[in-house]
There are 2 protein chains.
Amino acid sequence: MEHTLRAFDEELALLKAELSRLGGLAEAEVSDALASLITRDPRLAQQVVERDVKLDQLELQIEDRATRLMALRQPVAIDLRRAVAALKLSANLERCGDLAKNIAKRALIVSETEPMAPLMRPIERMGRLVLRRLRDALDAHSRDDLVLAQEVWSNDREVDEHYESLFRELLTYMMGDARTIAPCTHLLFVAKNLERIGDHATNIAEIVHYEITGEQLTARPKLETMEG
Amino acid sequence: MEHTLRAFDEELALLKAELSRLGGLAEAEVSDALASLITRDPRLAQQVVERDVKLDQLELQIEDRATRLMALRQPVAIDLRRAVAALKLSANLERCGDLAKNIAKRALIVSETEPMAPLMRPIERMGRLVLRRLRDALDAHSRDDLVLAQEVWSNDREVDEHYESLFRELLTYMMGDARTIAPCTHLLFVAKNLERIGDHATNIAEIVHYEITGEQLTARPKLETMEG
(Lines give C-alpha, C1' and ligand atoms only; values in the text may rest on other atoms or scores of the structure.)
Protein backbone atom coordinates (compact mmCIF):
# COMPACT_ATOMS: atom_id res chain seq x y z
CA MET A 1 0.00 0.00 0.00
CA GLU A 2 2.81 2.36 0.98
CA HIS A 3 4.47 1.48 -2.31
CA THR A 4 1.30 2.17 -4.32
CA LEU A 5 0.83 5.49 -2.57
CA ARG A 6 4.32 6.59 -3.49
CA ALA A 7 3.82 5.50 -7.09
CA PHE A 8 0.63 7.52 -7.14
CA ASP A 9 2.30 10.68 -5.85
CA GLU A 10 5.01 10.25 -8.44
CA GLU A 11 2.39 9.91 -11.17
CA LEU A 12 0.66 13.06 -9.94
CA ALA A 13 3.97 14.94 -9.95
CA LEU A 14 4.66 13.76 -13.52
CA LEU A 15 1.19 14.87 -14.55
CA LYS A 16 1.76 18.32 -13.09
CA ALA A 17 5.15 18.56 -14.80
CA GLU A 18 3.66 17.62 -18.17
CA LEU A 19 0.88 20.14 -17.71
CA SER A 20 3.42 22.85 -16.89
CA ARG A 21 5.35 21.94 -20.01
CA LEU A 22 2.19 22.09 -22.13
CA GLY A 23 1.41 25.44 -20.52
CA GLY A 24 4.86 26.74 -21.41
CA LEU A 25 4.52 25.56 -25.00
CA ALA A 26 1.07 27.13 -25.34
CA GLU A 27 2.33 30.43 -23.95
CA ALA A 28 5.27 30.41 -26.40
CA GLU A 29 2.95 29.62 -29.31
CA VAL A 30 0.68 32.56 -28.51
CA SER A 31 3.60 34.90 -27.91
CA ASP A 32 5.42 33.93 -31.12
CA ALA A 33 2.25 33.97 -33.21
CA LEU A 34 1.58 37.51 -32.09
CA ALA A 35 5.19 38.57 -32.72
CA SER A 36 5.15 37.01 -36.20
CA LEU A 37 2.08 39.08 -37.06
CA ILE A 38 3.33 42.37 -35.61
CA THR A 39 6.86 42.13 -37.02
CA ARG A 40 5.70 40.52 -40.31
CA ASP A 41 7.99 37.55 -39.83
CA PRO A 42 6.81 34.59 -41.96
CA ARG A 43 9.66 32.35 -40.76
CA LEU A 44 8.54 32.69 -37.15
CA ALA A 45 4.91 32.17 -38.20
CA GLN A 46 5.91 28.96 -39.95
CA GLN A 47 7.65 27.73 -36.80
CA VAL A 48 4.50 28.34 -34.76
CA VAL A 49 2.47 26.30 -37.26
CA GLU A 50 4.95 23.43 -37.22
CA ARG A 51 5.36 23.36 -33.44
CA ASP A 52 1.64 22.88 -32.84
CA VAL A 53 1.91 19.11 -33.36
CA LYS A 54 3.99 18.90 -30.16
CA LEU A 55 1.13 20.34 -28.16
CA ASP A 56 -1.30 17.85 -29.68
CA GLN A 57 0.98 14.96 -28.75
CA LEU A 58 1.51 16.23 -25.24
CA GLU A 59 -2.24 16.61 -24.72
CA LEU A 60 -2.79 12.95 -25.67
CA GLN A 61 0.04 11.93 -23.34
CA ILE A 62 -1.52 13.87 -20.45
CA GLU A 63 -4.95 12.36 -21.15
CA ASP A 64 -3.44 8.89 -21.10
CA ARG A 65 -1.62 9.50 -17.86
CA ALA A 66 -4.64 11.08 -16.14
CA THR A 67 -6.90 8.24 -17.25
CA ARG A 68 -4.42 5.54 -16.18
CA LEU A 69 -4.01 7.33 -12.87
CA MET A 70 -7.74 7.18 -12.21
CA ALA A 71 -7.78 3.47 -13.05
CA LEU A 72 -4.60 2.68 -11.14
CA ARG A 73 -5.23 4.21 -7.80
CA GLN A 74 -8.91 5.10 -7.77
CA PRO A 75 -8.23 8.48 -6.26
CA VAL A 76 -10.77 10.40 -4.23
CA ALA A 77 -11.30 14.04 -3.24
CA ILE A 78 -8.35 16.30 -4.10
CA ASP A 79 -6.51 13.56 -5.99
CA LEU A 80 -9.49 12.78 -8.18
CA ARG A 81 -9.98 16.47 -8.80
CA ARG A 82 -6.33 16.76 -9.85
CA ALA A 83 -6.78 14.02 -12.43
CA VAL A 84 -10.03 15.49 -13.76
CA ALA A 85 -8.51 18.97 -13.79
CA ALA A 86 -5.56 17.64 -15.80
CA LEU A 87 -7.94 16.43 -18.52
CA LYS A 88 -9.62 19.80 -18.69
CA LEU A 89 -6.47 21.90 -18.45
CA SER A 90 -4.78 20.00 -21.25
CA ALA A 91 -7.84 20.41 -23.49
CA ASN A 92 -7.82 24.17 -22.87
CA LEU A 93 -4.09 24.48 -23.50
CA GLU A 94 -4.20 22.42 -26.67
CA ARG A 95 -6.97 24.70 -27.90
CA CYS A 96 -4.83 27.80 -27.13
CA GLY A 97 -2.17 26.21 -29.32
CA ASP A 98 -4.70 25.73 -32.14
CA LEU A 99 -5.76 29.35 -31.89
CA ALA A 100 -2.12 30.50 -31.92
CA LYS A 101 -1.49 28.33 -34.98
CA ASN A 102 -4.44 29.96 -36.68
CA ILE A 103 -3.06 33.43 -35.86
CA ALA A 104 0.30 32.37 -37.33
CA LYS A 105 -1.37 31.14 -40.54
CA ARG A 106 -3.08 34.47 -40.89
CA ALA A 107 0.22 36.25 -40.14
CA LEU A 108 1.70 34.36 -43.09
CA ILE A 109 -1.01 35.70 -45.40
CA VAL A 110 -1.05 39.23 -43.99
CA SER A 111 2.75 39.51 -44.29
CA GLU A 112 2.31 39.45 -48.07
CA THR A 113 -0.13 42.37 -48.18
CA GLU A 114 0.41 46.10 -47.64
CA PRO A 115 1.34 46.88 -44.01
CA MET A 116 -1.64 48.11 -41.99
CA ALA A 117 0.40 49.97 -39.39
CA PRO A 118 -2.42 51.82 -37.57
CA LEU A 119 -4.11 48.49 -36.76
CA MET A 120 -1.05 46.76 -35.37
CA ARG A 121 -0.83 48.81 -32.20
CA PRO A 122 -4.31 47.91 -30.86
CA ILE A 123 -3.76 44.26 -31.86
CA GLU A 124 -0.47 44.22 -29.99
CA ARG A 125 -2.08 45.82 -26.93
CA MET A 126 -4.86 43.24 -26.89
CA GLY A 127 -2.35 40.45 -27.47
CA ARG A 128 -0.19 41.53 -24.54
CA LEU A 129 -3.21 41.67 -22.27
CA VAL A 130 -4.32 38.18 -23.30
CA LEU A 131 -0.81 36.81 -22.86
CA ARG A 132 -0.59 38.25 -19.39
CA ARG A 133 -3.89 36.60 -18.46
CA LEU A 134 -2.70 33.27 -19.82
CA ARG A 135 0.61 33.57 -17.91
CA ASP A 136 -1.18 34.48 -14.69
CA ALA A 137 -3.57 31.54 -15.06
CA LEU A 138 -0.64 29.19 -15.65
CA ASP A 139 1.20 30.64 -12.64
CA ALA A 140 -1.91 30.12 -10.54
CA HIS A 141 -1.86 26.49 -11.65
CA SER A 142 1.86 25.95 -11.00
CA ARG A 143 1.75 27.49 -7.54
CA ASP A 144 -1.78 26.38 -6.53
CA ASP A 145 -2.43 30.09 -6.07
CA LEU A 146 -6.12 30.57 -5.34
CA VAL A 147 -5.88 34.36 -5.07
CA LEU A 148 -4.26 34.71 -8.47
CA ALA A 149 -6.79 32.32 -10.03
CA GLN A 150 -9.62 34.42 -8.63
CA GLU A 151 -7.97 37.59 -9.94
CA VAL A 152 -7.64 36.23 -13.49
CA TRP A 153 -11.22 35.06 -13.34
CA SER A 154 -12.65 38.38 -12.22
CA ASN A 155 -10.76 40.52 -14.77
CA ASP A 156 -12.42 38.81 -17.71
CA ARG A 157 -14.06 41.94 -19.09
CA GLU A 158 -10.94 43.84 -19.99
CA VAL A 159 -10.30 41.57 -23.00
CA ASP A 160 -13.87 41.95 -24.23
CA GLU A 161 -13.56 45.71 -24.14
CA HIS A 162 -10.34 45.60 -26.18
CA TYR A 163 -12.00 43.25 -28.63
CA GLU A 164 -15.04 45.48 -29.13
CA SER A 165 -12.91 48.53 -29.76
CA LEU A 166 -10.56 46.68 -32.13
CA PHE A 167 -13.55 45.31 -34.02
CA ARG A 168 -14.85 48.84 -34.60
CA GLU A 169 -11.43 50.06 -35.77
CA LEU A 170 -11.22 47.19 -38.24
CA LEU A 171 -14.67 47.95 -39.67
CA THR A 172 -13.78 51.61 -40.13
CA TYR A 173 -10.57 50.66 -41.89
CA MET A 174 -12.38 48.26 -44.24
CA MET A 175 -15.07 50.79 -45.08
CA GLY A 176 -12.43 53.41 -45.81
CA ASP A 177 -10.62 51.33 -48.42
CA ALA A 178 -12.17 48.27 -50.09
CA ARG A 179 -8.72 46.86 -50.93
CA THR A 180 -8.12 46.27 -47.23
CA ILE A 181 -11.23 44.11 -46.81
CA ALA A 182 -9.58 40.74 -47.46
CA PRO A 183 -6.55 41.27 -45.17
CA CYS A 184 -8.74 42.92 -42.53
CA THR A 185 -11.01 39.86 -42.33
CA HIS A 186 -7.90 37.94 -41.29
CA LEU A 187 -7.24 40.51 -38.58
CA LEU A 188 -10.89 40.20 -37.46
CA PHE A 189 -10.30 36.51 -36.87
CA VAL A 190 -6.98 37.23 -35.15
CA ALA A 191 -8.86 39.51 -32.74
CA LYS A 192 -11.50 36.83 -32.20
CA ASN A 193 -8.81 34.21 -31.58
CA LEU A 194 -7.12 36.44 -29.01
CA GLU A 195 -10.47 36.91 -27.29
CA ARG A 196 -10.91 33.11 -27.23
CA ILE A 197 -7.42 32.63 -25.75
CA GLY A 198 -8.47 35.09 -23.05
CA ASP A 199 -11.55 32.93 -22.43
CA HIS A 200 -9.33 29.87 -22.08
CA ALA A 201 -7.28 31.76 -19.46
CA THR A 202 -10.55 32.31 -17.58
CA ASN A 203 -11.40 28.62 -17.94
CA ILE A 204 -7.97 27.66 -16.61
CA ALA A 205 -8.49 29.94 -13.60
CA GLU A 206 -11.87 28.26 -12.98
CA ILE A 207 -10.36 24.79 -13.21
CA VAL A 208 -7.52 25.70 -10.81
CA HIS A 209 -10.10 27.05 -8.35
CA TYR A 210 -12.16 23.87 -8.61
CA GLU A 211 -9.08 21.67 -8.31
CA ILE A 212 -8.00 23.33 -5.07
CA THR A 213 -11.35 23.99 -3.39
CA GLY A 214 -13.76 21.47 -4.93
CA GLU A 215 -16.17 24.36 -5.58
CA GLN A 216 -17.26 25.67 -8.98
CA LEU A 217 -16.84 29.36 -9.68
CA THR A 218 -20.20 30.03 -11.29
CA ALA A 219 -21.85 33.10 -12.75
CA ARG A 220 -18.86 34.03 -14.81
CA PRO A 221 -18.46 37.80 -14.88
CA LYS A 222 -18.66 38.03 -18.66
CA LEU A 223 -20.09 40.94 -20.61
CA GLU A 224 -23.00 39.80 -22.74
CA THR A 225 -21.10 40.42 -25.94
CA MET A 226 -20.41 38.35 -29.00
CA GLU A 227 -18.60 35.59 -27.18
CA GLY A 228 -18.39 32.39 -29.17
CA MET B 1 -20.85 -5.72 -3.93
CA GLU B 2 -23.81 -6.82 -6.07
CA HIS B 3 -25.64 -3.79 -4.74
CA THR B 4 -22.79 -1.40 -5.56
CA LEU B 5 -22.53 -2.85 -9.06
CA ARG B 6 -26.19 -2.26 -9.71
CA ALA B 7 -25.94 1.30 -8.38
CA PHE B 8 -23.00 1.84 -10.69
CA ASP B 9 -24.88 0.61 -13.76
CA GLU B 10 -27.78 2.85 -12.84
CA GLU B 11 -25.41 5.82 -12.53
CA LEU B 12 -23.93 5.02 -15.94
CA ALA B 13 -27.41 4.81 -17.47
CA LEU B 14 -28.32 8.18 -15.92
CA LEU B 15 -25.12 9.66 -17.27
CA LYS B 16 -25.90 8.43 -20.77
CA ALA B 17 -29.48 9.77 -20.51
CA GLU B 18 -28.23 13.20 -19.43
CA LEU B 19 -25.71 13.24 -22.25
CA SER B 20 -28.43 12.37 -24.76
CA ARG B 21 -30.55 15.16 -23.39
CA LEU B 22 -27.67 17.63 -23.66
CA GLY B 23 -27.11 16.37 -27.22
CA GLY B 24 -30.75 16.98 -28.08
CA LEU B 25 -30.63 20.49 -26.61
CA ALA B 26 -27.45 21.32 -28.49
CA GLU B 27 -28.90 20.06 -31.76
CA ALA B 28 -32.06 22.15 -31.21
CA GLU B 29 -29.99 25.23 -30.41
CA VAL B 30 -27.98 24.91 -33.62
CA SER B 31 -31.05 24.18 -35.71
CA ASP B 32 -33.08 27.08 -34.27
CA ALA B 33 -30.17 29.51 -34.45
CA LEU B 34 -29.78 28.75 -38.12
CA ALA B 35 -33.54 29.06 -38.75
CA SER B 36 -33.67 32.39 -36.90
CA LEU B 37 -30.94 33.73 -39.18
CA ILE B 38 -32.40 32.43 -42.45
CA THR B 39 -36.00 33.41 -41.72
CA ARG B 40 -35.04 36.68 -39.97
CA ASP B 41 -36.91 35.73 -36.82
CA PRO B 42 -35.65 37.74 -33.82
CA ARG B 43 -38.09 36.05 -31.43
CA LEU B 44 -36.66 32.63 -32.20
CA ALA B 45 -33.11 34.02 -31.97
CA GLN B 46 -33.91 35.42 -28.53
CA GLN B 47 -35.18 32.00 -27.40
CA VAL B 48 -31.93 30.38 -28.50
CA VAL B 49 -29.94 32.92 -26.48
CA GLU B 50 -32.09 32.38 -23.39
CA ARG B 51 -32.09 28.58 -23.60
CA ASP B 52 -28.29 28.36 -23.55
CA VAL B 53 -28.19 28.55 -19.75
CA LYS B 54 -29.90 25.13 -19.60
CA LEU B 55 -27.03 23.59 -21.51
CA ASP B 56 -24.51 25.17 -19.16
CA GLN B 57 -26.35 23.77 -16.13
CA LEU B 58 -26.66 20.34 -17.66
CA GLU B 59 -22.94 20.28 -18.46
CA LEU B 60 -22.09 20.99 -14.82
CA GLN B 61 -24.54 18.28 -13.70
CA ILE B 62 -22.92 15.74 -16.05
CA GLU B 63 -19.45 16.70 -14.84
CA ASP B 64 -20.53 16.23 -11.25
CA ARG B 65 -22.09 12.87 -11.96
CA ALA B 66 -19.11 11.60 -13.97
CA THR B 67 -16.66 12.74 -11.29
CA ARG B 68 -18.70 11.20 -8.48
CA LEU B 69 -18.97 8.00 -10.48
CA MET B 70 -15.21 7.75 -10.76
CA ALA B 71 -14.85 8.31 -7.03
CA LEU B 72 -17.72 6.01 -6.09
CA ARG B 73 -16.94 2.89 -7.96
CA GLN B 74 -13.39 3.35 -9.19
CA PRO B 75 -14.27 2.01 -12.61
CA VAL B 76 -11.76 0.41 -14.94
CA ALA B 77 -11.51 -0.23 -18.69
CA ILE B 78 -14.75 0.47 -20.56
CA ASP B 79 -16.50 1.94 -17.50
CA LEU B 80 -13.67 4.37 -16.84
CA ARG B 81 -13.67 5.32 -20.50
CA ARG B 82 -17.41 6.00 -20.32
CA ALA B 83 -16.93 8.38 -17.42
CA VAL B 84 -14.01 10.17 -19.09
CA ALA B 85 -15.91 10.30 -22.39
CA ALA B 86 -18.88 11.86 -20.60
CA LEU B 87 -16.67 14.73 -19.40
CA LYS B 88 -15.39 15.34 -22.91
CA LEU B 89 -18.71 14.92 -24.69
CA SER B 90 -20.45 17.35 -22.38
CA ALA B 91 -17.71 19.95 -22.90
CA ASN B 92 -18.07 19.62 -26.69
CA LEU B 93 -21.86 19.87 -26.55
CA GLU B 94 -21.85 22.86 -24.24
CA ARG B 95 -19.49 24.56 -26.68
CA CYS B 96 -21.87 23.79 -29.60
CA GLY B 97 -24.54 25.54 -27.56
CA ASP B 98 -22.29 28.58 -27.08
CA LEU B 99 -21.60 28.74 -30.80
CA ALA B 100 -25.34 28.46 -31.56
CA LYS B 101 -26.04 31.25 -29.07
CA ASN B 102 -23.46 33.37 -30.85
CA ILE B 103 -25.13 32.69 -34.23
CA ALA B 104 -28.48 33.68 -32.70
CA LYS B 105 -27.03 36.95 -31.37
CA ARG B 106 -25.73 37.74 -34.82
CA ALA B 107 -29.13 36.78 -36.31
CA LEU B 108 -30.69 39.41 -34.04
CA ILE B 109 -28.37 42.09 -35.43
CA VAL B 110 -28.58 40.97 -39.06
CA SER B 111 -32.40 40.86 -38.93
CA GLU B 112 -32.34 44.65 -38.59
CA THR B 113 -30.26 45.25 -41.72
CA GLU B 114 -31.12 44.95 -45.42
CA PRO B 115 -31.76 41.31 -46.40
CA MET B 116 -28.75 39.73 -48.10
CA ALA B 117 -30.71 37.06 -49.93
CA PRO B 118 -27.94 35.71 -52.21
CA LEU B 119 -25.83 34.84 -49.17
CA MET B 120 -28.53 32.99 -47.27
CA ARG B 121 -28.65 29.98 -49.55
CA PRO B 122 -24.97 28.97 -49.14
CA ILE B 123 -25.21 29.61 -45.37
CA GLU B 124 -28.28 27.39 -45.17
CA ARG B 125 -26.54 24.66 -47.18
CA MET B 126 -23.51 24.74 -44.90
CA GLY B 127 -25.75 24.82 -41.84
CA ARG B 128 -27.70 21.75 -42.96
CA LEU B 129 -24.50 19.86 -43.59
CA VAL B 130 -23.12 20.73 -40.16
CA LEU B 131 -26.40 19.80 -38.47
CA ARG B 132 -26.42 16.43 -40.20
CA ARG B 133 -22.89 15.76 -38.99
CA LEU B 134 -23.83 16.74 -35.44
CA ARG B 135 -26.93 14.48 -35.56
CA ASP B 136 -24.94 11.57 -36.93
CA ALA B 137 -22.29 11.98 -34.25
CA LEU B 138 -24.99 12.06 -31.56
CA ASP B 139 -26.67 8.98 -33.07
CA ALA B 140 -23.32 7.20 -33.06
CA HIS B 141 -23.08 8.03 -29.36
CA SER B 142 -26.64 6.92 -28.49
CA ARG B 143 -26.33 3.63 -30.34
CA ASP B 144 -22.63 2.93 -29.68
CA ASP B 145 -22.36 2.85 -33.47
CA LEU B 146 -18.70 2.55 -34.39
CA VAL B 147 -19.31 2.54 -38.15
CA LEU B 148 -21.29 5.76 -38.03
CA ALA B 149 -18.69 7.41 -35.78
CA GLN B 150 -15.99 6.49 -38.25
CA GLU B 151 -18.09 7.86 -41.12
CA VAL B 152 -18.62 11.23 -39.41
CA TRP B 153 -14.94 11.39 -38.63
CA SER B 154 -13.77 10.68 -42.16
CA ASN B 155 -16.13 13.18 -43.85
CA ASP B 156 -14.61 16.14 -42.07
CA ARG B 157 -13.47 17.93 -45.22
CA GLU B 158 -16.88 18.62 -46.70
CA VAL B 159 -17.57 21.35 -44.13
CA ASP B 160 -14.19 22.99 -44.75
CA GLU B 161 -14.90 23.17 -48.46
CA HIS B 162 -18.28 24.82 -47.85
CA TYR B 163 -16.63 27.25 -45.48
CA GLU B 164 -13.92 28.26 -47.93
CA SER B 165 -16.43 28.87 -50.70
CA LEU B 166 -18.80 30.82 -48.43
CA PHE B 167 -15.87 32.91 -47.20
CA ARG B 168 -15.05 33.90 -50.80
CA GLU B 169 -18.67 34.77 -51.54
CA LEU B 170 -18.81 36.99 -48.47
CA LEU B 171 -15.63 38.84 -49.44
CA THR B 172 -16.96 39.46 -52.95
CA TYR B 173 -20.20 40.79 -51.52
CA MET B 174 -18.40 43.14 -49.13
CA MET B 175 -16.09 44.46 -51.82
CA GLY B 176 -19.06 45.10 -54.10
CA ASP B 177 -20.89 47.32 -51.61
CA ALA B 178 -19.19 48.91 -48.61
CA ARG B 179 -22.53 49.27 -46.80
CA THR B 180 -22.70 45.49 -46.46
CA ILE B 181 -19.34 45.25 -44.66
CA ALA B 182 -20.67 45.46 -41.11
CA PRO B 183 -23.49 42.89 -41.53
CA CYS B 184 -21.23 40.65 -43.60
CA THR B 185 -18.63 40.46 -40.84
CA HIS B 186 -21.39 38.94 -38.71
CA LEU B 187 -22.04 36.38 -41.42
CA LEU B 188 -18.29 35.64 -41.59
CA PHE B 189 -18.40 34.72 -37.91
CA VAL B 190 -21.60 32.71 -38.44
CA ALA B 191 -19.75 30.69 -41.11
CA LYS B 192 -16.79 30.25 -38.77
CA ASN B 193 -19.09 29.14 -35.95
CA LEU B 194 -20.75 26.58 -38.21
CA GLU B 195 -17.31 25.27 -39.17
CA ARG B 196 -16.46 24.98 -35.47
CA ILE B 197 -19.69 23.08 -34.76
CA GLY B 198 -18.65 20.71 -37.55
CA ASP B 199 -15.30 20.27 -35.76
CA HIS B 200 -17.13 19.44 -32.54
CA ALA B 201 -19.10 16.76 -34.43
CA THR B 202 -15.73 15.31 -35.48
CA ASN B 203 -14.52 15.48 -31.87
CA ILE B 204 -17.67 13.70 -30.69
CA ALA B 205 -17.11 10.95 -33.27
CA GLU B 206 -13.52 10.58 -32.02
CA ILE B 207 -14.64 10.38 -28.41
CA VAL B 208 -17.31 7.76 -29.23
CA HIS B 209 -14.67 5.71 -31.04
CA TYR B 210 -12.31 5.95 -28.07
CA GLU B 211 -15.08 5.15 -25.60
CA ILE B 212 -15.99 1.93 -27.43
CA THR B 213 -12.58 0.70 -28.57
CA GLY B 214 -10.08 2.30 -26.19
CA GLU B 215 -8.08 3.42 -29.23
CA GLN B 216 -7.48 7.00 -30.33
CA LEU B 217 -8.38 7.97 -33.89
CA THR B 218 -5.29 10.00 -34.69
CA ALA B 219 -4.13 11.91 -37.76
CA ARG B 220 -7.42 13.65 -38.18
CA PRO B 221 -8.25 13.97 -41.86
CA LYS B 222 -8.45 17.73 -41.82
CA LEU B 223 -7.55 20.04 -44.68
CA GLU B 224 -4.75 22.37 -43.68
CA THR B 225 -7.03 25.39 -43.83
CA MET B 226 -7.79 28.18 -41.44
CA GLU B 227 -9.10 25.96 -38.69
CA GLY B 228 -9.14 27.65 -35.33
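Residues numbered from 1 in each chain as written. Chains lettered and ligands numbered in written order. Predicted model: local features only at pLDDT ≥ 70, side-chain atom pairs only at ≥ 80, totals over all residues. Heavy atoms only, no water.

The following threshold applies: UniProt positions are given in the numbering used here, feature names are shortened, and annotations may be inferred rather than shown by experiment.
Per an unreviewed UniProt entry, the recorded name for chain A is Phosphate-specific transport system accessory protein PhoU, and the organism is Phenylobacterium deserti. The Subunit (unreviewed entry) comment attached to chain A in UniProt states, word for word, "Homodimer." The record in UniProt for chain A states the following under Sequence similarities (unreviewed entry): "Belongs to the PhoU family."

Focus on the interface of chain B and chain A
Using the following cut-off: Contact criterion: two residues are considered in contact whenever any of their non-hydrogen atoms come within 4.5 Å of each other. Buried area is understood as the total, over both parts, of accessible area removed when two parts are fitted together, assessed with a 1.4 Å probe. Just to be clear on terms, a salt bridge is a Lys or Arg side-chain nitrogen sitting within 4 Å of an Asp or Glu carboxyl oxygen. In protein, a polar contact requires one atom able to donate a hydrogen and another able to accept it; more generally it is a pair of N or O atoms within 3.5 Å, and residues adjacent in sequence count only if both atoms are side-chain atoms. A helix here means a DSSP run of H or I that spans at least four residues, while a strand means a run of E at least two residues long, and both kinds are numbered starting from the N terminus.
Facing 42 residues of chain B, the contacting portion of chain A comprises 42 residues. Between chain B and chain A, roughly 3700 Å² of surface is buried when both sides are summed, and carbon and sulfur atoms account for 64% of that area. Measuring nitrogen to oxygen at the nearest pair gives 2.8 Å for the salt bridge that ties Lys88 of chain A to Glu63 of chain B. Viewed at the interface, chain A and chain B are joined by 2 residue pairs in polar contact (both at pLDDT 80 or more). Put simply, the parts of the chain that give the side of chain B that touches chain A at least two residues each are helix 2 (42-73), helix 3 (77-110), helix 6 (157-176) and helix 7 (181-213) of chain B. No other element matches the 11 residues that helix 3 of chain B contributes to the side of chain B that touches chain A.

Observations concerning the UniProt feature "domain: PhoU" (unreviewed entry) in chain A
UniProt records the feature "domain: PhoU" (unreviewed entry) for residues 19-106 and 123-208 of chain A in the present numbering. Across residues 123-208 of chain A one finds 91% helix and 0% strand; the C-alpha atoms that close the span lie 28 Å apart.

Some remarks on the nonpolar core
Defined as follows: Take the buried Ala, Val, Leu, Ile, Met, Phe, Trp, Tyr and Cys residues and link them wherever side-chain atoms come within 4.5 Å; each set so joined is a nonpolar core. Residue burial is assigned from relative accessible area. The probe radius is 1.4 Å, only protein chains are included, and a residue is buried under 20% of its type maximum, exposed over 50%, and partly exposed in between.
With 146 residues, the main nonpolar core has Met70 and Leu187 of chain A together with Met70 and Leu187 of chain B as its most contacted residues. If we ignore the near neighbours within four places in the chain, the residues touching Leu187 of chain B are Leu37, Val110, Met116, Leu119, Met120, Ile123 and Leu170 of chain B.

So, the environment of Val30 of chain A
All names here are of chain A. Within the secondary structure layout, Val30 lies in helix 1 (residues 2-38). For Val30, a relative accessible area of 2% gives the class buried. Val30 sits 113 residues away from Arg143 along the chain, and the two C-alpha atoms are 22 Å apart. With near-sequence residues (within four places) excluded, Val30 lies in contact with Cys96, Ala100, Leu131, Leu134 and Ile197.

Remarks on the packing of aromatic side chains
Selection rule: Stacked, tilted and edge-to-face pairs are distinguished by plane angle, under 30 degrees for stacked and over 60 for edge-to-face with tilted covering the rest, among Phe, Tyr and Trp rings (Trp via its six-membered ring) whose centres lie within 6.5 Å.
Going through the model one piece at a time under the given rule, you end up with 5 aromatic pairs over all chains. Arranged with centres 6.1 Å apart and planes meeting at 40°, the rings of Tyr163 of chain A and Phe167 of chain A form a pair that is tilted. With Tyr163 of chain A and Phe167 of chain A both in helix 6 (residues 157-176), this residue pair falls 4 residues apart, about one helical turn. Judged by its relative accessible area of 2%, Tyr163 of chain A falls in the buried class. Overall, the relative accessible area of 12% leaves Phe167 of chain A in the buried class. Look at Phe167 of chain A and Phe189 of chain B: their rings are 6.5 Å apart centre to centre, the planes differ by 40°, and that puts the pair in the tilted class.

Here's the deal with helix 4 (residues 117-143) of chain A
Quick reminder of the rule: Take the residue count of a helix, subtract one, and multiply by 1.5 Å to get its expected span.
The first and last C-alpha atoms of helix 4 of chain A sit 39 Å apart over 27 residues, in line with the 39 Å expected at 1.5 Å per residue. Phi for Asp144 of chain A, located one or two positions after helix 4 of chain A, is positive at around 50°.

Looking at helix 5 (residues 146-154) of chain A
Residues and elements named next belong to chain A. Our working rule: In this description, one arc is meant: the one made by directions from the helix axis to the C-beta atoms.
Every buried residue belonging to helix 5 is among Leu148, Ala149, Val152 and Trp153, and all of these are buried. Seen along its axis, helix 5 keeps its buried residues to an arc of 140°; they face one direction. Here the buried face of helix 5 lies against helix 4 and helix 7 (181-213).

Re the packing of helix 4 (residues 117-143) of chain B against helix 7 of chain B
Residue and element names in this part refer to chain B. So the rule is basically this: Orientation is described by axes fitted as lines to C-alpha atoms, over the contacting stretch for helices, and by angles from 0 to 180 degrees between their N-to-C directions. For classification, angles of less than 35 degrees are called roughly parallel, those exceeding 145 degrees roughly antiparallel, those between 65 and 115 degrees roughly perpendicular, and all remaining angles oblique. Crossing handedness follows the turn of the near helix against the far one: under a right angle anticlockwise gives a left-handed crossing, and clockwise gives a right-handed one. For this scheme, ten residues count as nonpolar: Ala, Val, Leu, Ile, Met, Phe, Trp, Tyr, Cys and Pro. Four count as charged, namely Asp, Glu, Lys and Arg, and the remainder, Gly too, count as polar.
Where helix 4 meets helix 7, the closest approach of the two axes is 9 Å, and the angle between their N-to-C directions is 15°. Between helix 4 and helix 7, the crossing angle belongs to the class labelled roughly parallel. In this structure, helix 4 meets helix 7 at a crossing whose hand is left-handed. Among the residues making up the contact of helix 4 with helix 7, the classes are represented as 18 nonpolar, 4 polar and 3 charged.

Brief notes about the state of the cysteines
Formally: Disulfides are defined in this document as cysteine sulfur pairs within 2.5 Å.
Under the defined criterion, the tally for this structure stands at 0 disulfides over all chains. Not engaged in a disulfide, the cysteine Cys184 of chain B finds its nearest cysteine sulfur in Cys184 of chain A; these two sulfurs lie 15 Å apart. Overall, Cys184 of chain B belongs to the buried group, its relative accessible area being 0%.

Looking at the relation of the copies chain B and chain A
Each of the two chain copies can be brought onto the other by rotation about an axis and movement along it. Counted only if it meets this: In superposing the copies, a least-squares fit is computed on C-alpha atoms, taking residues whose pLDDT is at least 70 in both.
By a simple turn and slide, chain B fits onto chain A: the slide is 0.0 Å along the axis, the RMSD is 0.0 Å, and the turn is 180°. Those values place the two copies in the arrangement expected of a two-fold rotation axis.

Details of the packing of helix 4 of chain A against helix 6 of chain A
When two helices pack together, you describe them by how their axes are tilted relative to each other and by the distance separating the axes. Residue and element names in this part refer to chain A. Contact pair helix 4 / helix 6: the axes reach a minimum separation of 10 Å and the direction vectors enclose 160°. In this view, helix 4 runs roughly antiparallel relative to helix 6, as classed from their interaxial angle. The two elements helix 4 and helix 6 cross, and the hand of that crossing is left-handed. Residues Pro118, Leu119, Pro122, Ile123, Arg125, Met126, Leu129, Val130, Arg132 and Arg133 of helix 4 pack against Glu158, Val159, His162, Tyr163, Leu166, Glu169, Leu170 and Tyr173 of helix 6.

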